[in-house]
Amino acid sequence: MARIFVVTSGLTGILNAGFELIHRLEQDGHSLLYASPKDVKAKVEKEGIPYFQLPGIPQNPCPELPSIAQIGGRFSRALYKRIFGANLREKALDNLDPKTFKEWIAKEKPDLVLVDIELHEYIMSLHVSNTSFLILSQWFSLWRREGLPYLLHDTIPGIGEKGSQKSLDAAWDKIEQERTAIFDKIKKRSSGTDRRSTLLAYAKKVGFPLDEIK
């Protein structure tokens, strides 16, 4: 049978869902191991599941600015990021690179990795390493699909003008424009060292297809 690794963020919802999935796979005779960047060792081993601890995920990969950049407050930090942006982006990229995860996968060579949809750099690394993997998600889809409204809207498809495909498309367009504006603002403020910008840079570096990124 297969040797399967389950890798999640360790947050409660996906953690418990992962336990149930693992126990079902174990009943089918597969060998399972759980791993997470969050320390959930005690909870996992209580379930009788082997565990591997991964380093924490950097939510802000930008390196800490030197004290000289802190003296003048926000203006000083912004100026430092503007002047030394290229160097900061390079260090942010190195901070985000999941080296331990990649080394672990290369060494252990699992038959299959079930990986949390929130662990973006892990997914990119698995894809380019040609490791077999499937993405786990306990969320409803946030991706644009014909006939469906954005998840956080109360629109009922097919009911009234608001539920028409034309209105659904217009609402999706508005959401995408708003999100793009927010991302652009964050990127400008961080000089491209924020998590999303660094993830995009990592995708380009490792050759992950950019059309797969929403």
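Up top you'll find the structure we're talking about.
Predicted model only: the values in this text are computed from it and were never measured.

A. Structural view of the overall build of the chain. Secondary structure assignment for the chain yields eight helices and five strands. Shown N-terminal to C-terminal, the secondary structure of the chain runs as helices and strands in the order β-α-β-α-β-α-α-α-β-α-β-α-α. Principal-axis analysis of the C-alpha atoms gives the chain an extent of 55 × 55 × 30 Å. Per-residue burial for the chain yields a buried fraction of 36% across its 214 residues. Long-range contacts, defined as pairs at least 24 residues apart, comprise 57% of the intrachain contacts of the chain with a sequence gap of at least 6.

B. Representation of the pattern of salt bridges within the structure. Taken as a whole and judged by the stated rule, the model has 11 salt bridges. When the shortest N-O distance is used, the salt bridge between R144 and D173 registers 2.9 Å. Taken together, the positions of R144 in the loop between β5 (133-136) and α7 (165-190) and D173 in helix α7 put the pair 29 residues apart, joining distant regions of the chain. Residues participating in the shared-partner salt-bridge network are R144, D169, D173 and E176.

C. Representation of the layout of surface pockets in the model. In this structure, the second largest pocket spans a volume of roughly 440 Å³. Taken together, 13 residues line the second largest pocket, and the ones lying closest to its centre are A78, K81, K188, R189 and S190. Secondary-structure elements contributing two or more residues to the lining of the second largest pocket are α3 (73-83), α4 (85-96) and α7. No other element matches α3, which puts five residues into the lining of the second largest pocket.

D. Region of interest: the packing of α4 against helix α8 (residues 195-206). Viewed as axis vectors pointing N to C, α4 and α8 meet at an angle of 80 degrees, and their least axial separation amounts to 9 Å. Considered as vectors, α4 and α8 are oriented roughly perpendicular to each other. For the pair α4 and α8, the contacting residues are A92, L93 and L96 in the first and R195, T198, L199, A201, Y202 and K205 in the second. Of the residues in the contact of α4 with α8, the class split is six nonpolar, one polar and two charged.

E. Region of the structure containing the environment of E20. Following the sequence through the fold, E20 ends up in helix α1 (residues 12-27). Put simply, E20 and E118 are 98 residues apart on the chain and 19 Å apart in space, counted from C-alpha to C-alpha. Of the polar contacts made by the side chain of E20, one reaches the side chain of R24; its length is 2.8 Å.

F. How the structure looks around the nonpolar core. Counting 15 residues, the largest nonpolar core has V6, Y34 and V44 as its most contacted members. Residue assignment for this core shows that the elements contributing at least two residues are β1 (3-7), α1 and β2 (31-36). Per-element accounting of this core gives the leading share, five residues, to α1. Beyond its immediate sequence surroundings of up to four residues, V6 is in contact with I22, L32, L33, Y34, A35, L114 and L136. Within the second largest apolar cluster, 14 residues are counted, among which are F5, F101, V113 and I123.

G. Region of interest: the environment of A170. When you line up the elements, A170 lands in helix α7. A relative accessible area of 43% places A170 in the partly exposed class.

H. Quick look at α1. The terminal C-alpha atoms of α1, which comprises 16 residues, lie 23 Å apart, in line with the 22 Å expected from a rise of 1.5 Å per residue. Every buried residue belonging to α1 is among I14, L15, G18, F19, I22 and L25, and all of these are buried. Down the axis of α1, the smallest arc covering the buried residues is 145 degrees, so these residues share one side. In α1, the exposed positions that point more than 90 degrees away from the buried face belong to T12, R24 and Q27. Buried residues in α1 make contact with β1, β2, α2 (41-46), β4 (112-116) and β5. Where α1 terminates, the next one or two residues include G29, which has phi positive at roughly 95 degrees.

Basis of the calculations
- Residue indices begin from 1 for each chain and proceed along its sequence in written order.
- A pLDDT threshold of at least 70 governs which residues receive local features in this predicted model, and a stricter bar of 80 or more applies before side-chain atom pairs are shown or counted, although totals over entire chains, interfaces and linings include all residues.
- Derived side-chain values reflect all non-hydrogen atoms in the structure, with water molecules and hydrogen atoms excluded from consideration.
- Only DSSP runs of H or I reaching four residues or more are called helices, and only runs of E reaching two or more are called strands; each is numbered from the N terminus.
- When accessible area is computed with a 1.4 Å probe and restricted to protein chains, residues below 20% of their type maximum are described as buried, those above 50% as exposed, and intermediate ones as partly exposed.
- Residue contacts are counted whenever heavy atoms from the two residues lie within 4.5 Å of one another.
- Definition used for salt bridges: Asp or Glu carboxyl oxygen within 4 Å of a side-chain nitrogen of Lys or Arg.
- The pocket and cavity definitions rest on a 1 Å grid over protein atoms only: a 1.4 Å probe that fits but cannot leave marks a cavity, an open set with protein on both sides within 12 Å along at least five of seven lines marks a pocket, and residues lining either have an atom within 4 Å of a point.
- Grid points are joined across faces, edges and corners, and a volume is the space filled by probe spheres set on the points.
- Fitting a line to C-alpha atoms yields each axis, with helices limited to the stretch in contact; the angle taken between N-to-C directions then spans 0 to 180 degrees.
- In these notes the angle categories are as follows: under 35 degrees is roughly parallel, over 145 is roughly antiparallel, 65 to 115 is roughly perpendicular, and the rest is oblique.
- Three categories are distinguished: nonpolar for Ala, Val, Leu, Ile, Met, Phe, Trp, Tyr, Cys and Pro, charged for Asp, Glu, Lys and Arg, and polar for the others, with Gly belonging to the last.
- The definition of a polar contact used here is a pair of N or O atoms within 3.5 Å, where within protein one atom must be able to donate a hydrogen and the other to accept one, and adjacent residues in sequence count solely through side-chain atom pairs.
- Nonpolar cores are built from buried Ala, Val, Leu, Ile, Met, Phe, Trp, Tyr and Cys residues. Side-chain atoms within 4.5 Å join them into one set.
- A helix is expected to span 1.5 Å multiplied by its residue count minus one.
- Taken from the helix axis, the directions to the C-beta atoms give the arc we talk about.

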